[in-house]
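# Report on the structure
Each chain, written out:
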Amino acid sequence: LDNTVPVVNFTTITPVNGITDLNAWRNFDFNAVFNANDATAGIASLQYNLNNSGYVNSTNLAQALVEVKTEGENTILVRAIDRAGNQTDINAKVHLDKTKPVLSNEVPVNNSFTNKTDSNISVNIADALSGLVNGSLRMVVNGTSFSFGNSRIDFTNGVLILIRYSWPHGAVVNIQAFARDNAGN
C-alpha cells in the first residue's frame, strides 16, 4: 500500500550562465527543470503547464524540462502522479526579460542648439519588466562620467538628471547615458 505522494522539486534553470538564484530575472531563453521521484510505487505521470496553456506530458517521468521563451513573469504548474494514484502539485514563477532599458533624450533635444552655457541635462530611462539597477545609471558628458550617487546626478520619476552642467559658449556637447536592468540588459 502506498499512501505517500510523489516528491517534485524545482531544481535548476539551464543554461545557468553563472546565475544560481531560481527567482532571478534572466535575459535569455531557458529551461526550468523539475525532478520527480516516488520511492514506493514509482511515477506514472509527470505533467507541466506553462502560463495556463494546458498540461503537457513530460516524455521523461523523472524530469520535466519546461522551455521558457515568453518575457515577463511565467507561472509553471507541475503535477506528478504515482502508480498508486497519489498526486503532488507544485508551482513556480520564473522571470524573463530580453529587452534593454529604453533611453530617450529629453533636454537638450538631440541635435539642438542653445545659447546657454549651463543647463540641466536629462534623459528619460525606463524598463517595463525587471526594473532598473540604480547603481548602473550613468551619464557621460564630453568624456566626463557622472554615476548615480554623485551629488550632481538625480534619478526621479524615470528621469536621469545631471544638475547644472557648464560648457563653453558655442561648444558641441556630447552626451551619452547608460542603464542596466535587473536581468543584465
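Anyway, here's the lowdown on the structure attached to this text. (Residues numbered from 1 in each chain as written. Predicted model: local features only at pLDDT ≥ 70, side-chain atom pairs only at ≥ 80, totals over all residues. Heavy atoms only, no water.)

Ranked by internal contacts, the top residues of the largest apolar core, which has 21 residues, are Phe34 and Ile76. Secondary structure elements with two or more residues in this core: strand 1 (7–14), strand 3 (30–37), strand 4 (43–50), strand 6 (63–68), strand 7 (72–82) and strand 8 (87–96). Once residues lying within four places of it in the same chain are set aside, the contact partners of Ile76 are Ala32, Phe34, Asn49, Leu50, Val66, Val68, Ile90, Asn91, Ala92 and Val94. If you look at the next biggest cluster of nonpolar residues, it comprises 14 residues, including Met139, Val141, Leu160 and Tyr165. (Core = buried A, V, L, I, M, F, W, Y, C linked by side-chain atoms within 4.5 Å. Buried < 20%, exposed > 50% of the residue type's maximum accessible area, 1.4 Å probe, protein only. Helix = DSSP H or I, 4+ residues; strand = E, 2+ residues; numbered from the N terminus. Contact = heavy atoms within 4.5 Å.)

Now for the side chain of Asp82. Looking at the element boundaries, Asp82 is found in strand 7. Buried charged residue Asp82 carries no salt bridge. Nearest counter-charge: Arg83, at 8.5 Å. Reaching out from Asp82, the side chain makes a polar contact with the backbone nitrogen of Ala84 at a distance of 2.9 Å. Setting aside chain neighbours within four positions, we find Asp82 in contact with Asp2, Thr4, Pro6, Asp38, Ala41, Gly42, Ile43 and Ala44. (Lys, Arg positive; Asp, Glu negative; His and termini not counted. Salt bridge = Lys/Arg side-chain N within 4 Å of Asp/Glu carboxyl O. Polar contact = N/O pair within 3.5 Å; in protein donor to acceptor, adjacent residues only side chain to side chain.)

What follows deals with the pairing of strand 12 (residues 144–147). Across four bridges, the pairing between strand 11 (residues 138–141) and strand 12 is antiparallel. Bridging from a neighbouring strand, Val140 pairs with Ser145 of strand 12. Counting the residues between successive antiparallel strands, the hairpin from strand 11 to strand 12 contains two residues, one of them, Asn142, with a positive phi of roughly 50°. (Pairing = 2+ DSSP bridges.)

The next point concerns the sheet that holds strand 9 (residues 102–107). Taken together, the four strands give an open sheet; going across it, the order is 9-10-14-13, and neighbouring strands pair in antiparallel fashion. Every interior strand has two partners, whereas the edge strands, strand 9 and strand 13 (153–156), have only one. With strand direction ignored, the average angle separating the axes of adjacent strands in the sheet is 25°. When strand 9 meets strand 10 (residues 118–126), the two strands line up antiparallel, connected through five bridges. For Leu103, the partnering residue across the bridge sits in strand 10 and is Ile125. (Axes fitted to C-alpha atoms, helices over the stretch in contact; angles between N-to-C directions.)

The residue Leu77 is located in strand 7 in this model. Placed 77 residues apart in sequence, Leu77 and Asp154 show a C-alpha to C-alpha distance of 42 Å. Residues contacting Leu77, with those up to four places away along its chain left out, are Gln47, Tyr48, Asn49, Asn52, Tyr55, Ile90 and Asn91.

With six bridges joining them, strand 10 and strand 14 (residues 159–166) adopt antiparallel strand pairing. Residue Asn124 lies in a different strand from strand 14, and its bridge partner there is Val159.

So, about the pattern of salt bridges. A pair can form between side chains of opposite charge whenever their charged atoms are brought close. Inspection of the entire model under this criterion finds three salt bridges. One salt bridge in this structure joins Lys98 and Asp29, with 2.8 Å as the shortest N-O distance. Residue Lys98 is found in the loop between strand 8 and strand 9, and its partner Asp29 is found in the loop between strand 2 (25–26) and strand 3; the two are separated by 69 residues along the sequence. You can call Lys98 partly exposed: its relative accessible area is 38%.

A separate point is the sheet that holds strand 15 (residues 175–178). Sheet strands line up and pair through hydrogen bonds in the backbone, either parallel or antiparallel. The three strands lie next to each other as 12-11-15, forming an open sheet whose pairing is antiparallel. Each edge of the open sheet is held by one strand with a lone partner, namely strand 12 and strand 15. Strand-to-strand twist in this sheet, taken as the mean axis angle between neighbours without regard to direction, amounts to 20°. Bridging between strand 11 and strand 15 involves four bridges; their strand directions are antiparallel. Looking at the pairing, Val140 lines up with Gln176 of strand 15.

Distances and angles like these do not, on their own, reveal function.
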